[in-house]
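# Descriptive structure summary
One letter stands for each residue in the lines below.
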Amino acid sequence: MSKIEEVKGLVETGKSKKIAAAVSEALDAGDKAQDILEAMIASMGVVGDKFSAGEIFVPEMLIAAKAMSKGVEVLKPVMAGDGSSSLGTCIMGTVAGDLHDIGKNLVVMMLESAGFDMVDLGVDVPAEKFVEAVKENNKVVLVACSGLLTTTMPALKEAVQTIKAAYPEMKVIVGGAPVTPEYADEIGADGYAPDAGSAAVKAKELVTA
Ligand code: B1M
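Computed from a predicted structure; not experimentally measured.

## As for the site of the ligand
- Around the ligand, a shell composed of 37 residues is seen, among which Ser-52, Leu-99, His-100, Asp-101 and Ser-146 lie nearest.
- For the ligand, a nitrogen atom lies 2.7 Å from a polar atom in the side chain of Asp-101.
- Taking Ala-177, its main chain carries an N or O atom lying 3.1 Å from an oxygen atom of the ligand.
- The set of elements that each furnish at least two residues to the shell around the ligand consists of helix 3 (33-52), helix 4 (58-79), helix 5 (102-114), strand 3 (140-146), strand 4 (171-175) and helix 9 (196-208).
- Counting residues per element, the shell around the ligand draws most heavily on helix 3, which supplies seven residues.

## Focus: the domain arrangement of the protein
- Domains assigned within the protein are domain 1 (3-81) and domain 2 (88-208).
- Averaged C-alpha coordinates put domain 1 and domain 2 at centres separated by 24 Å.
- Listed per partner, the contact involves 11 residues of domain 1 and four residues of domain 2.
- Buried surface at the junction of domain 1 and domain 2, summed over both partners, amounts to about 640 Å²; 83% is from carbon and sulfur atoms.
- If you look at where domain 1 meets domain 2, you find zero salt bridges.
- For the side of domain 1 that touches domain 2, the secondary-structure elements that each account for two or more residues are helix 3 and helix 4.
- Each residue belonging to the side of domain 1 that touches domain 2 can be placed in one class, and the counts come to eight nonpolar, two polar and one charged.

## So, the sheet that holds strand 2 (residues 116-120)
- Strand order in this open sheet of five strands is 2-1-3-4-5, and the pairing throughout is parallel. Two strands bound the open sheet, and with one partner strand each, they are strand 2 and strand 5 (191-192).
- One ladder, built from five bridges, connects strand 1 (residues 88-94) with strand 2; its direction is parallel. Its bridge partner being in strand 2, Met-92 is matched across the sheet by Asp-120.
- Each of strand 1, strand 2 and strand 3 touches helix 5; the most contacted strand, strand 2, lies at about 155° to it.
- Sitting on the sheet, helix 6 (residues 127-136) touches strand 1 and strand 3, and the angle it makes with strand 3 is about 160°.

## Here's the deal with the coordination of the cobalt atom of the ligand
- Just one protein ligand coordinates the cobalt atom of the ligand, and it is His-100 (NE2) at 2.3 Å.
- Position of His-100 among the secondary structure elements: in the loop between strand 1 and helix 5.

## Focus on helix 7 (residues 153-166)
- Its 14 residues place the ends of helix 7 20 Å apart at the C-alpha level, agreeing with the 20 Å of an ideal helix rising 1.5 Å per residue.
- Listing the buried residues of helix 7 in full gives Met-153, Ala-155, Leu-156, Ala-159, Val-160, Ile-163 and Lys-164. Down the axis of helix 7, the smallest arc covering the buried residues is 165°, so these residues share one side. Exposed residues lying more than 90 degrees from the buried face of helix 7 are Pro-154 and Ala-165.
- Of the surrounding secondary structure, the elements contacted by the buried residues of helix 7 are helix 6, strand 3, strand 4 and helix 8 (181-186).

## Looking at the packing of helix 2 (residues 16-28) against helix 4
- Helix 4 packs onto helix 2 with a crossing angle of 35° between their chain directions and a minimal axis gap of 8 Å. Helix 4 is crossed by helix 2, and the crossing has right-handed handedness. Of the residues in helix 4, those touching helix 2 at Ser-16, Ile-19, Ala-20, Val-23, Ser-24 and Leu-27 are Lys-66, Ala-67, Lys-70, Gly-71, Val-74, Leu-75 and Val-78.
- Its residues assigned to classes, the contact of helix 2 with helix 4 comprises eight nonpolar, three polar and two charged.

Rules behind the numbers
- Residues numbered from 1 in each chain as written.
- Predicted model: local features only at pLDDT ≥ 70, side-chain atom pairs only at ≥ 80, totals over all residues.
- Heavy atoms only, no water.
- Near = heavy atom within 4 Å.
- Polar contact = N/O pair within 3.5 Å; in protein donor to acceptor, adjacent residues only side chain to side chain.
- Helix = DSSP H or I, 4+ residues; strand = E, 2+ residues; numbered from the N terminus.
- Domains from an automatic or database assignment.
- Contact = heavy atoms within 4.5 Å.
- Buried area = accessible area lost by both parts, 1.4 Å probe.
- Salt bridge = Lys/Arg side-chain N within 4 Å of Asp/Glu carboxyl O.
- Nonpolar A, V, L, I, M, F, W, Y, C, P; charged D, E, K, R; others polar.
- Pairing = 2+ DSSP bridges.
- Axes fitted to C-alpha atoms, helices over the stretch in contact; angles between N-to-C directions.
- Donors = N, O, S within 2.8 Å, 3.2 Å for Na, K, Ca; no water.
- Expected span 1.5 Å × (residues − 1).
- Buried < 20%, exposed > 50% of the residue type's maximum accessible area, 1.4 Å probe, protein only.
- Arc of directions from axis to C-beta.
- Left-handed = near helix turned anticlockwise from the far one by under 90°.

What follows is the structure, given as structure tokens:
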């Protein structure tokens, strides 16, 4: 079995104690950090499918998520840029009612690499908290909101509209599995990206245009 296959298996079975070593070994064996990350994301897809099929339940999803997060920790220093050119501050969070943070954490990591100073508000962030964070931090140029459930798409809308009502000129980017470019447009976001890598490209474009 290749190292990358081993990493996938460890995410799917939630082996968080073994995963850091396996990711390091995959890197040592010459696997690219991006490929390892994509393999782990695919594993979370498998976990989601098993949950949908009733083969596993919330606790198993949770331990798989923990394993993936441990694996990402190992990749972080490899994938991070030098962070030297600050584009300004970006406030980021997962919207109210939503506890998913792996995708949001990957976006934080990529935006940081792209040159943003990141303020991560975590998960289950009420719309007003995004506004408070804009007020409380210096040089905020962007707010990034994740919504990972179809049921929290209305909270994403509320977040964008609350931020825009308080700061009409503030750029807002949104994303997450159920979000489409059309929905982003409809709720008044300035940008949308389907994944963490393209979120960094779009974010940079929004603040330098
Ligand atoms: Co939940 N969950 N979950 N879950 N979970 C999903 C999302 C689901 C698709 C599983 C399924 O049914 N197949 C389903 C949602 C269905 C829907 O929306 N209709 C679901 C459900 C139903 C639930 C609960 C309701 C289950 C229950 O309690 N009965 C519950 C809700 C809790 C809540 O939030 N209130 C729940 C709970 C959980 C756990 C807590 C157990 C755990 C999360 C732990 C954690 O995050 N720390 C969990 C997990 C792990 C998953 C799956 C298996 C994996 C999510 C993940 O991390 N994916 C997921 C199934 C799946 O994804 N296929 C599932 C990997 C991650 C890298 O992808 O988050 O999409 P993603 O992020 C991507 C892009 O979306 C994008 O870039 C990221 C990287 O490429 N992106 C952005 C994200 N944010 C962005 C922002 C941007 C731009 C791009 O700009 C700002």
